[in-house]
Amino acid sequence: DTINFAGSSDQTGVSYSWSIDFIHDNHFHPTLKSQQQGGNFKIDTTGHGYGGKTGYQFTLTVTNNNGLSSTSISSIYPDKVNLTVDVSPISLRESSSAIIDGIVVSTWPIVLDTVKGFQHSIVMEAKICSSTGSVYLLQAWSDGIKSSPRTIIGGTSSNITASYAVNGESCL
């Protein structure tokens, strides 16, 4: 999505100063500075995730020719969904992990608190040695995709499962 922003004043010859910050829980990440009356910016669909309390804070300061200024702050918050990633059979939960957006995660099921349209990279192990010593091979995802790594995009709250099958080998 692209967010458009604009300010106005009933005086002429004023200067505008915009600061747009990404809100993440109890801290901010500077996103954009502008000295224009308005503009737009595209919300990232990859990179820093939207887990927790996230949004954007728009701060506009308008200063007149005499140096007097007024500041206005507005915040917007995205539509969010939960994406749940799991592994099947569930007995593999104790011996498997996933790499999601570059971070190793091994607590199942994995629930991603994300914004609609955000792209997540998921890498599952092609081969898992179970706690019983059996070798399992990645077969496919519950949506039919057979590859890992893969990308999933938040659209609606949904579940996706990596399905494995035992291949008859032993890893003990």
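Above this text you will find the structure in question.
This part takes up the overall build of the protein chain. If you tally the helices and strands in the protein chain, you get zero helices and 15 strands. Over its C-alpha atoms the protein chain spans a radius of gyration of 23 Å, topping by over 25% the 16 Å that the globule rule assigns to 172 residues. For the protein chain, the C-alpha atoms occupy an extent of roughly 80 × 25 × 20 Å along the three principal directions. Here the protein chain holds 172 residues, and 34% of them are scored as buried. Residue pairs at least 24 apart in sequence account for 63% of intrachain contacts in the protein chain once pairs closer than 6 positions are excluded. Summed over all atoms, the accessible surface of the protein chain reaches about 9700 Å², with 50% contributed by carbon and sulfur. Once the 9 positive and 13 negative side-chain charges of the protein chain are each reduced to a mean point, those two points are 3 Å apart.

At the junction of Ser88 and Pro89, the peptide bond is cis and its omega measures out at 5° in the coordinates. Relative to the assigned elements, Pro89 resides in the loop between β7 (80-88) and β8 (98-100). The linkage connecting Ser148 with the following residue, Pro149, adopts the cis geometry, with an omega of 15°. On the secondary structure map, Pro149 appears in the loop between β13 (134-141) and β14 (150-153). Of note, Asp25 is a non-glycine position whose phi angle comes to about 55°, a positive value.

On to the sheet that holds β7. Backbone hydrogen bonds are what pair the strands of a sheet, in a parallel or an antiparallel way. Across the sheet, which stays open at both edges, the five strands sit in the order β10-β7-β15-β13-β12 with mixed pairing between neighbours. At either margin of the open sheet sits one strand with a lone partner, and together these are β10 (110-115) and β12 (127-129). Averaged over all pairs of adjacent strands, the angle between their axes in this sheet comes to 30°, without regard to strand direction. For β7 and β10, the ladder comprises six bridges, and the chain directions are antiparallel. Across the sheet, the residue bridging to Leu83 is Leu112, located in β10.

Quick notes on the rules
- Residues numbered from 1 in each chain as written.
- Predicted model: local features only at pLDDT ≥ 70, side-chain atom pairs only at ≥ 80, totals over all residues.
- Heavy atoms only, no water.
- Helix = DSSP H or I, 4+ residues; strand = E, 2+ residues; numbered from the N terminus.
- Rg over C-alpha atoms; globule rule 2.2 N^0.38 Å.
- Buried < 20%, exposed > 50% of the residue type's maximum accessible area, 1.4 Å probe, protein only.
- Contact = heavy atoms within 4.5 Å.
- Areas by Shrake-Rupley, 256 points an atom, 1.4 Å probe, with all protein chains shown as cover.
- Lys, Arg positive; Asp, Glu negative; His and termini not counted.
- Charge placed at Lys NZ, Arg CZ, Asp CG, Glu CD.
- Pairing = 2+ DSSP bridges.
- Axes fitted to C-alpha atoms, helices over the stretch in contact; angles between N-to-C directions.

These figures capture arrangement, not role.
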